[in-house]
Amino acid sequence: MKRTVAKGRLGTLAADERGAILMFTALALPLLLFCLTGVDLLTIDVTRTRLSVAADAAALAAARQLPDRSAATTAANEMLVANHPALPSDFGGPDEEIVFGAWDETARSFAANAAPETAVFVRLSRTRAHGNAVALIVLTVGGLRQVDVSATSVATFDGEACGAIAACRARLVDPAD
């Protein structure tokens, strides 16, 4: 008889629909939160890509104007505006750092403020320190509401490579190679 009672209780429990939405929510919420973290990760990745494209364009534009620092700085700033316009979500655009120096092909390194100036280093950053960090939506664990993102680029030129054709003189280089 006890066996029948147990079967009856399980049958009653299985037929009872009360609390089903609570069970569904408990199972679905972690999956939903996991998927939503992709929003923040994608925002960080898109920002880093935009900064990288703008840094590459600015470094190439500046390298084409070397050794004229003034023209190189102007060209770099024009490319930054064209490739990373200040949008309301950017809080005024990235912080920029443009450094002139020399590229050592053998050591694959950039030397800041070295002569002859044959290379340009560009760093674009969005940081909490400057109030333009990337805002997080879901990944706000432990009070972290923003994340710093930056990108760097180095471009060099060879005045002898193509004669007077400036476009083929400038090239991006990667110190990590």
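Note that the structure is a prediction, hence the values are computed from the model and not measured.

Draft legend 1. Fine view of the overall build of the protein. From N to C terminus, the protein includes three helices and seven strands. Each helix and strand of the protein, ordered N terminal to C terminal, gives the series α-α-α-β-β-β-β-β-β-β. Each of the 177 residues in the protein was classed as buried or not, and the buried ones make up 28%. For the protein, contacts bridging at least 24 residues in sequence account for 57% of all contacts bridging at least 6. Put simply, the protein shows about 11100 Å² of open surface, and 63% of that area lies on carbon and sulfur atoms.

Draft legend 2. Main features of a nonpolar patch on the surface. Nonpolar side chains collect at one region of the surface, where Leu29, Leu32, Leu33, Leu36, Val39 and Ile137 lie side by side and expose about 520 Å² of accessible area between them. Within the element layout of this structure, Leu32 appears in helix 2 (residues 20-65).

Draft legend 3. Geometry of the packing of aromatic side chains. Applying the stated criterion across every chain yields a total of one aromatic pair. Look at Phe110 and Phe121: their rings are 5.8 Å apart centre to centre, the planes differ by 25 degrees, and that puts the pair in the stacked class. One end of the pair, Phe110, is in strand 2 (residues 109-112); the other, Phe121, is in strand 3 (residues 119-126), and eleven residues separate them in sequence. A residue is classified by how much of its surface remains accessible, and Phe121, at 14% relative accessible area, is buried.

Draft legend 4. Expanded view of the environment of Trp103. Relative to the elements of secondary structure, Trp103 occurs in strand 1 (residues 95-104). Given a relative accessible area of 10%, Trp103 falls into the buried group. Spatially, the C-alpha atom of Trp103 lies 8.7 Å from that of Val154, the residues being 51 residues apart in sequence. Within polar-contact distance, the side chain of Trp103 engages the side chain of Glu105 at 3.0 Å.

Draft legend 5. Molecular detail of the nonpolar core. Ranked by size, the top nonpolar core spans 23 residues in total, and within it Leu66, Val120, Val122 and Leu124 carry the most contacts. If you list the elements that add at least two residues to this core, you get helix 2, helix 3 (69-83), strand 3 and strand 6 (149-157). In terms of residue count, the dominant contributor to this core is helix 2 (eight residues). Setting aside its immediate chain neighbours within four residues, Val122 contacts Ala55, Ala58, Ala59, Glu97, Ile98, Ala151, Thr152 and Ser153. With seven residues, the next largest nonpolar core counts Val99, Phe110, Val154 and Val173 among its residues.

Draft legend 6. Layout of helix 3. Spanning 15 residues, helix 3 covers 21 Å between terminal C-alpha atoms, matching the ideal 21 Å at 1.5 Å per step. If you check which residues of helix 3 are buried, you get Ala72, Ala75, Ala76 and Leu80. The arc enclosing the buried residues of helix 3, seen along the axis, measures out at 140 degrees, which places them on a common side. Residues Ser70, Glu78, Val81 and Ala82 are exposed on helix 3 and point more than 90 degrees away from its buried face. Among the residues of helix 3, the N-terminal cap falls to Asp68, whose side-chain oxygen and the backbone nitrogen of Ser70 are separated by 3.2 Å.

What counts as what
Residues numbered from 1 in each chain as written. Predicted model: local features only at pLDDT ≥ 70, side-chain atom pairs only at ≥ 80, totals over all residues. Heavy atoms only, no water. Helix = DSSP H or I, 4+ residues; strand = E, 2+ residues; numbered from the N terminus. Buried < 20%, exposed > 50% of the residue type's maximum accessible area, 1.4 Å probe, protein only. Contact = heavy atoms within 4.5 Å. Areas by Shrake-Rupley, 256 points an atom, 1.4 Å probe, with all protein chains shown as cover. Patch = residues over 30% accessible without salt bridge, like charges linked within 9 Å, V, L, I, M, F, W, Y side chains within 5 Å. Salt bridge = Lys/Arg side-chain N within 4 Å of Asp/Glu carboxyl O. Phe/Tyr/Trp six-rings, centres within 6.5 Å; stacked < 30°, edge-to-face > 60°. Polar contact = N/O pair within 3.5 Å; in protein donor to acceptor, adjacent residues only side chain to side chain. Core = buried A, V, L, I, M, F, W, Y, C linked by side-chain atoms within 4.5 Å. Expected span 1.5 Å × (residues − 1). Arc of directions from axis to C-beta.

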